[in-house]
Amino acid sequence: MLAGKHILLIIGGGIAAFKALDLIRRLRERGALVTPVLTRAGEEFVTPLSVSALAGSKVYRDLFDLGDEAEMGHIQLSRVADLVLVAPATADLMAKMAVGLANDLASTLLLATDTPVMIAPAMNVRMWEHAATQRNLATLRQDGISVVGPNEGDMACGEYGPGRMAEPMEIVAAVEERLVDGPLSGKRVLVTSGPTHEPIDPVRYIANRSSGAQGKAIAASLAAMGAQVTFVTGPADTPPPAGVTVVRVQTAAQMLDAVTQSLPADAAVFAAAVADWRVEGASDRKLKKTKDGLPSLSFAENPDILKTVSGMGADRPKLVVGFAAETDDVFANATAKRQRKGCDWIVANDVSPETEIMGGSENAVTLITADGSEVWPRMDKTAVARNLAARIADALAQ
Ligand code: CTP
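Counting from 1, residues in each chain are numbered in the order their sequence is written. Since the coordinates come from a predicted model, pLDDT governs what is reported: local features require at least 70, and pairs of side-chain atoms require 80 or more to be given and counted, while whole-chain, interface and lining totals use all residues. Side-chain measures were taken over the full set of non-hydrogen atoms in the model, leaving aside hydrogen atoms and water.

Peer 1: Which residues make up the packing of aromatic side chains, and what values go with them?
Peer 2: In this description, a pair of aromatic rings is defined by centroid distance and the angle of the planes. For Phe, Tyr and Trp, rings pair up if their centres lie within 6.5 Å, where Trp contributes its six-membered ring, and each pair is then called stacked (planes under 30 degrees apart), edge-to-face (over 60) or tilted (otherwise). Tallied over the entire structure, the rule returns 0 aromatic pairs. Whether a charge sits over a ring depends on NZ of Lys or CZ of Arg being within 6 Å of the ring centre and within 35 degrees of the ring normal. Sitting above the plane of the Y60 ring, K58 keeps its charged end 5.5 Å from the centroid. Lying across the ring of W345, R391 places its NZ or CZ 5.8 Å from the centre.

Here it is, written out as structure tokens:
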């Protein structure tokens, strides 16, 4: 519920602006107060009258409207809110935010605000994938801005791919997660999850069976406790949770890049099943059957992301948590792994086939810290996630 929460909603100019009308309704149904700001371009897609009627509030449009300044100055307007939400966030608005331009009401509010900001990007797939937009996105994330979506699908322009604005209910879920006052409010936590895919050629790859379920549950529990979560995920079967910033990657090298770009963070949880090796010199053309026999693959070692982050200096998160999947000598192997990787905690589990943990809904873990080990009873993966998130909250509060 969002009872009494004040949301400043900036509606950018894109075809997805029509979804902002439904978003306003959904936010208000949950008790939020919505103050809308409509950009010039936004007005081309939705009318100020419909926005203000649905919001039950005046719609702010112009920086130089003296009447508005007398009523509520733009600095004040940017600060009264609990959250500034930009939906749709166009490529243009994202670029302005990334460089700190302030040449209209929306961009001025975004530069003047000291409250949390969330964006729901929406644009053509090529624009989204353009290096400039991806650079701006990385900058915005580093500035602590939460990002919801975009989703993949058919676009109004007739193309297909990522760029569709997240659905109003997904945005509402993200807003609820962000505004929850919990023990992790104001903390940034990074979670890696899922498998990685290491290409052999453009159509084949090496992968593993990780479903991403445990990483997803951990990210959701951390977000539910108020943390601002960046979820770096390989191509997992389980869709990412709502209310977190999702960064999708394929390979271990891309995961390391995404992780470094998401720092600084207060804590980092490495739940991903990262491939230890990649195919050296993966072919950029499909390998063909030949009369000369079978192709041979040689491997190169992937970067160890957990070890790299654990060994960082100033950028090292205060708490670094790794996972260990073991089939025997769980305690001894996981303790040695904690030392080797240089992380603070290891969440160890026994994945021997008879435990039916791999691919199952339950987990039995041993938490290994500098102070010793704790054997947790077998429980649901969501309960493991909640307990771990609570322990992380305790550790960050010290
Ligand atoms: N990890 C990582 N980057 C890698 C490999 C692993 O970040 N290239 C992280 C995983 O996310 C996990 C921990 O390191 O937190 C697991 O370590 P790993 O050495 O891969 O152990 P296991 O997979 O348990 O297997 P093994 O002991 O057989 O190496």
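So much for the structure itself; the text now carries on.
Peer 1: A description of empty space enclosed by the protein should follow, citing residues and the corresponding values.
Peer 2: The rule is simple: put a 1 Å grid over the protein atoms alone, call a set of points where a 1.4 Å probe fits but cannot get out a cavity, call an open set with protein on both sides within 12 Å along at least five of seven lines a pocket, and count a residue as lining if it has an atom within 4 Å of a point. Grid points are joined across faces, edges and corners, and a volume is the space filled by probe spheres set on the points. Per the counting criterion, the structure on display carries 4 cavities of 30 Å³ or more. Put simply, the largest cavity is a space of about 80 Å³. The way it works is that DSSP assigns letters per residue, a run of H or I at least four long becomes a helix, a run of E at least two long becomes a strand, and they are numbered from the N terminus. Those elements that place two or more of their residues in the lining of the largest cavity are β5 (146–147), α9 (168–179) and β11 (228–233). Of the residues forming the lining of the largest cavity, the biggest block, 3 residues, is contributed by α9.

Peer 1: Hey, could you go over the sheet that holds strand β20 (residues 372–375) for me, with residue numbers and the actual values?
Peer 2: Here we have 8 strands laid out as an open sheet, ordered β12-β11-β8-β13-β16-β17-β19-β20, and mixed in their pairing. Where the open sheet ends on each side, the last strands, each with one partner, are β12 (245–248) and β20. Within the sheet, the average angular offset between the axes of one strand and its neighbour, ignoring direction, is 15°. Bridge count for β11 against β12 is 4 bridges, and the pairing is parallel. The partner of T230 across the bridge, within β12, is T245. A pair of strands is treated as paired once DSSP finds two or more bridges between them. Every axis corresponds to a line fitted to the C-alpha atoms, with the helix fit spanning only the stretch in contact, and the corresponding angles, defined between N-to-C directions, vary from 0 to 180 degrees.

Peer 1: Go over a nonpolar patch on the surface, please, and point to the residues and values.
Peer 2: Nonpolar side chains (Val, Leu, Ile, Met, Phe, Trp, Tyr) are joined into patches within 5 Å and like charges within 9 Å, using only residues with over 30% relative accessible area and no salt bridge. For accessible areas, the Shrake-Rupley method is used with a probe of radius 1.4 Å. Any residue's cover is judged against the shown protein chains and nothing else. One speaks of a salt bridge when a side-chain nitrogen belonging to Lys or Arg is within 4 Å of a carboxyl oxygen belonging to Asp or Glu. Together, I15, F18 and F45 make up a nonpolar patch on the protein surface, roughly 320 Å² of accessible area in all. Tracing the sequence through the fold places I15 in the loop between β1 (6–11) and α1 (17–29).

Peer 1: A description of the packing of helix α10 (residues 213–224) against helix α14 (residues 381–397) should follow, citing residues and the corresponding values.
Peer 2: The interhelical angle for the contact between α10 and α14, taken along N-to-C directions, is 45°, at an axis separation of 8 Å. One finds that α10 runs oblique with respect to α14. Relative to α14, the crossing made by α10 is right-handed. For the pair α10 and α14, the contacting residues are Q214, A217, I218, S221 and L222 in the first and K381, T382, V384, A385, R386, L388, A389 and I392 in the second. The scheme is simple: roughly parallel for angles under 35 degrees, roughly antiparallel for over 145, roughly perpendicular for 65 to 115, oblique for anything else. Here a crossing is taken to be left-handed if its near helix is turned anticlockwise relative to the far helix by less than a right angle, and right-handed if that turn runs clockwise. By definition in these notes, contact holds between two residues if any of their heavy atoms fall within 4.5 Å.

Peer 1: With reference to specific residues and values, describe the pairing of strand β3 (residues 83–89).
Peer 2: Summary of the burial criterion: residues with accessible area below 20% of their type's maximum are buried, those above 50% are exposed, and those between are partly exposed, where the area comes from a 1.4 Å probe applied to protein chains only. Most of β3 sits inside the fold, with 7 of its 7 residues counted as buried. Covered by surrounding structure in β3 are L83, L85, A87 and A89 together with V84, V86 and P88, the residues of both alternating faces. Direction of pairing for β1 relative to β3: parallel, over a ladder of 4 bridges. Looking at the pairing, I10 lines up with V86 of β3. Judged from the 4 bridges that link them, β3 and strand β4 (residues 117–121) form a sheet pairing that is parallel. Following the sheet pairing, L85 is matched in β4 by M118.

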